[in-house]
Amino acid sequence: MTELYAQIIVDVPTMQTNQPYTYAIPASLREAVQVGMRVVVPFGGRTVLGFVVALVPNAPVDVAVKPLAELLDLAPVLNDEALALSEFLAAQTFAFRISILQTMLPNALKANYEKIIRAVDVEPAIAERLFFNLPERVFVPSEWSEDDLALLAKLRRQGKVDVQIAVHDKAKIKTQRAYEMAVDIADATVSKRAVKQQQLLAFVKVHAGETWTEADLHAILEVSDATLKQAVAKQWLIEHDVEKLRRPKTDVEVAKVHTLNDEQQRALAAISGRFDQFQPFLLKGITGSGKTEVYLQAAQQVIAAGRSVLFLVPEIALTPQMVNRVTARFGDQVAVLHSGLSDGERYDEWRRIERGDAKIVVGARSAVFAPLADIGLIIVDEEHETTYKQSDNPRYHARDVALWRGEFHQAPVILGSATPSLESRARAQKGVYQLLELTQRAGEAQLPVVDVIDLRHEMANGPETSFSTALREKIQQRLERDEQSVLMLNRRGFSSFVMCRDCGFVPRDPNCNLAMTLHMDSHSLKCHYCGHEEAIPSVCANCGSREIRYYGTGTEKVEAELKELFPEARVLRLDQDTTRKKGSMATKLADFGAKKYDILLGTQMIAKGLDFPDVTLVGVLNADTALGLPDFHASERTFQLLTQVAGRAGRATKQGEVVIQTFNPDHYAIQLAQKQDYDDFYLQEMQMRKFGQYAPFFYTVQIQASHADENQAAVQLAKAAAWLRKHLPADVVVLGPSAKPIAKMRNRYYYQLILKYKDATTVDKWLAILQDNAQKAAKNGLQLSIDREPVNFM
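Along each chain, residues carry numbers from 1 onward, in the same order as the chain's sequence is written. The predicted origin of the model limits local features to residues at a pLDDT of at least 70 and limits the giving and counting of side-chain atom pairs to 80 or more, whereas totals for whole chains, interfaces and linings rest on all residues. Note that the side-chain values use all heavy atoms of the structure and ignore hydrogens as well as water.

Caption draft 1: Representation of the packing of helix α21 (residues 710-727) against helix α22 (residues 760-778) in the model. Inter-axis angles, ranging from 0 to 180 degrees, are taken between N-to-C directions of lines fitted to C-alpha atoms, where helices are fitted over the stretch in contact. Helix and strand assignments come from DSSP, with helices taken as H or I runs of at least 4 residues and strands as E runs of at least 2, each series counted from the N terminus. It is the contact of α21 with α22, at a shortest axis distance of 11 Å, that shows an interaxial angle of 150°. The angle between the axes of α21 and α22 places the two elements in the roughly antiparallel class. Every pair of crossing elements has a handedness; the one defined by α21 and α22 is right-handed. Every residue of α22 that contacts α21 at Ala-720, Trp-723, Leu-724 and His-727 is listed here: Trp-766, Leu-767, Ile-769, Leu-770 and Asn-773. Looking at the contact of α21 with α22, its residues break down into seven nonpolar, two polar and no charged. Any angle from 65 to 115 degrees is called roughly perpendicular, while one under 35 is roughly parallel, one over 145 is roughly antiparallel, and all others are oblique. Two helices crossing with the near one rotated counterclockwise from the far one by less than a right angle form a left-handed crossing, whereas a clockwise rotation gives a right-handed crossing. Residue contacts are counted whenever heavy atoms from the two residues lie within 4.5 Å of one another. Gly is put with the polar residues, along with every residue not named as nonpolar or charged; the nonpolar set is Ala, Val, Leu, Ile, Met, Phe, Trp, Tyr, Cys and Pro, and the charged set is Asp, Glu, Lys and Arg.

Caption draft 2: Summary view of helix α1 (residues 80-93). Multiply 1.5 Å by the residue count of a helix minus one, and that product is the helix's expected span. For α1, built from 14 residues, the straight-helix expectation of 20 Å at 1.5 Å per residue is met to within 8% by its first-to-last C-alpha distance of 20 Å. Type-normalised accessible area, obtained with a 1.4 Å probe on protein chains alone, sets the label of each residue: buried when under 20%, exposed when over 50%, and partly exposed for intermediate values. Those residues of α1 that fall on the buried side of the exposure criterion are Glu-81, Ala-82, Leu-83, Leu-85, Ser-86, Leu-89, Ala-90 and Thr-93. In this fold, the buried residues of α1 make contact with β4 (46-56), α2 (97-104), α12 (398-409) and β33 (783-788). At the N-terminal boundary of α1, the capping side chain belongs to Asn-79, with an oxygen 3.2 Å from the backbone nitrogen of Glu-81. Residue Phe-94 follows α1 closely and has a positive phi angle near 55°. Each polar contact in these results corresponds to two N or O atoms within 3.5 Å; when the atoms are within protein, one needs to be able to donate a hydrogen and the other to accept it, and residues that are neighboring in sequence are counted only if both atoms are side-chain atoms.

Caption draft 3: Structural view of the nonpolar core. Among buried residues, the Ala, Val, Leu, Ile, Met, Phe, Trp, Tyr and Cys ones that are joined through side-chain atoms within 4.5 Å form a nonpolar core. In this structure, Leu-78, Leu-312, Ile-353, Val-361, Val-368 and Phe-369 are the most contacted members of the largest nonpolar core, which totals 45 residues. If near-sequence neighbours (up to four positions away) are discounted, Leu-78 is found in contact with Val-35, Gly-36, Phe-51, Leu-83, Leu-101, Met-104 and Leu-105. Formed by 37 residues, the second largest nonpolar core is a distinct cluster that contains Val-615, Ala-623, Phe-639 and Ala-673.

Caption draft 4: Region of the structure containing the sheet that holds β33. When DSSP finds two or more bridges between two strands, those strands count as paired. Strand order in the open sheet formed by four strands is β31-β32-β30-β33, with antiparallel pairing between adjacent strands. A single partner strand is all that each edge strand has here, and the edge strands are β31 (733-745) and β33. When the angles between neighbouring strand axes are averaged without regard to direction, this sheet yields 20°. The pairing of strand β30 (residues 699-707) with strand β32 (residues 748-757) spans nine bridges and is antiparallel. Pairing of Val-701 across the sheet is with Leu-755, part of β32.

Written out as structure tokens, the structure reads:
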């Protein structure tokens with residue numbers, strides 16, 4: 001047999017590399033080691049975990065190759081697709097490959113765990129040698145010889161031994177009591193007076209050899225624990241513990257397939273015609289146009305053909321309603337993955353997917369790594385949402401991963417939104433994506449009437465309040481008509497920018513045309529792109545007013561004001577403070593849907609995905625907050641948020657109404673959100689992006705440095721900036737370094753550089769070198785990260 005060497009990505013906390021190290025494979029393990037397995041290897045005087053990413057016939061020349069120390073798996077934990085995806089993401093996200101490999105795995109393969117090896121069909125002599133004639137053993141590699149490990153791996157491939165993972169502290173396999181019905185009890189009898197024993201004995205004879213859970217026997221036969229114990233003593237039943245899968249709770253209604261209108265049918269026909277090839281579709285449909293029904297009917301066709309479906313939603317808040325709709329249609333074929341699950345639930349769902357028990361996965365960002373085989377369709381709902389981007393290392397975007405997996409499996413990818421990201425809409429315009437449009441609401445529903453209230457006039461004519469006169473009147477009307485209202489307080493911004501209360505003007509820096517951030521410590525306004533700084537104005541540069549105020553408020557304050565204005569109203573507040581407990585979000589939304597509340601007050605988490613027939617009023621209390629962010633996405637995010645939240649009104653037969661309160665009624669983002677006019681907004685915003693040299697016309701990269709010593713963070717990033725300016729092409733714009741808008745967190749100081757450029761091929765090479773060089777400084781406490789196309793700059 002040809003001698004092979006293992007190329008292994010090692011898990012080391014410092015001096016990481018995407019280059020695999022080559023190790024010799026001991027002769028006894030040559031048949032056992034496979035690509036995708038985890039191993040233990042010697043590295044730098046210690047042993048570390050590693051992933052086998054390739055097997056090669058030759059060792060490096062003039063290098064002493066060490067043998068790998070231990071095999072941790074009997075079958076690969078990562079398949080060829082996962083390994084190829086990790087290589088792509090390492091280059092795409094400037095992350096080390098080891099961190100991506102670990103991100104893909106469930107916690108069960110990261111935590112402390114033990115493997116249980118169970119003999120399925122093993123010869124007696126081998127069973128005695130490997131299992132001591134026991135039905136199963138805990139897999140501790142050090143307890144077996146290398147020859148034994150090689151034999152176990154061979155038996156695992158042949159299906160003669162089975163491997164289960166029992167996870168400690170995090171995700172233990174949950175068991176329940178069960179009873180196996182004895183086979184040879186045809187002659188067994190029982191006293192006629194023992195009615196329950198007679199009933200149980202008859203059941204055992206009919207179901208001989210079958211295993212039933214204790215809970216099922218209690219439910220079907222209504223037998224007591226004592227009766228079951230007597231049956232065990234008489235050897236009618238054999239007691240076992242069997243696995244009980246933990247499933248996330250769902251409140252499933254009866255499935256109803258809706259009739260598609262002409263636009264929906266055309267969209268479905270276009271998607272159905274591409275089921276055998278990779279094709280990204282941008283499904284642009286106004287709120288309430290029935291995008292979800294198109295998703296579900298496309299998924300039905302894929303599952304009927306025997307393939308699987310990956311269905312992504314942007315955040316946990318949207319998962320309960322979507323899971324219920326999908327489960328009502330597909331039942332036990334659905335698996336759910338998101339960070340709101342317990343470790344046990346997530347672990348069990350992952351194993352259901354890996355075994356092929358689930359054909360459709362619904363989940364938030366991390367579900368994009370679900371180990372589905374033979375994917376036939378990928379759906380990314382609300383594709384514009386920033387929650388699809390991972391905020392820390394590895395900084396992947398789930399939409400990019402979905403597109404990569406779609407191409408790998410030659411499956412169509414549907415990107416759905418009422419307000420697509422500018423980048424996606426631009427790709428559709430270039431023909432990279434196929435554009436499908438839904439311009440009408442499904443059924444009899446009509447788009448809501450949208451009113452914009454100028455808060456400048458309201459403040460001039462009365463005391464400061466969160467509720468304009470028009471909004472107060474409309475809320476009162478809904479209470480009288482037994483209809484519901486949704487009120488959104490946009491807290492995406494924070495109280496660290498200034499605005500003129502008379503004209504709505506927000507000071508912007510002259511270089512980047514972005515809102516500047518308020519720093520009370522230095523009494524200044526700063527731009528965190530280019531570092532421009534100026535004093536806090538006492539007079540508005542636009543209208544001359546002295547009404548310069550800091551801007552921001554909280555949900556608790558608004559809730560108190562609501563209860564004062566409408567003491568009879570039942571108010572439900574939804575924000576991070578009220579939804580911390582697991583399942584509380586789903587429970588509260590279900591209560592609102594059951595009309596236990598009249599008014600839902602929430603942050604931007606309530607702006608999308610919610611569908612309640614009796615909501616006829618939506619109020620946006622502060623439309624300006626996102627406009628004040630120091631971010632070139634500010635106008636786009638404002639338009640998207642307002643359009644999405646307006647879409648919560650009038651989704652059934654009742655006419656909806658929307659009230660948007662703002663100090664900037666003339667801003668194009670607010671005016672076009674009032675008209676629900678995405679196409680005009682796209683044209684105007686694209687002009688602004690082109691003028692400012694922002695995405696999608698330019699690539700953007702954020703380089704961030706942090707250190708416990710502020711001076712070190714600033715100095716080291718300044719050195720990186722000088723090095724980049726020396727090596728990068730002259731047409732690359734390097735802005736900064738400057739302090740981040742939130743400059744200190746968890747006792748570390750943060751500085752950033754921004755790069756803008758047209759050609760990624762030349763820049764990526766130097767960024768990769770910078771990433772490697774930064775590891776030397778990491779020993780002194782510096783942390784440097786590179787974020788391609790950041791979704792925020794806070």
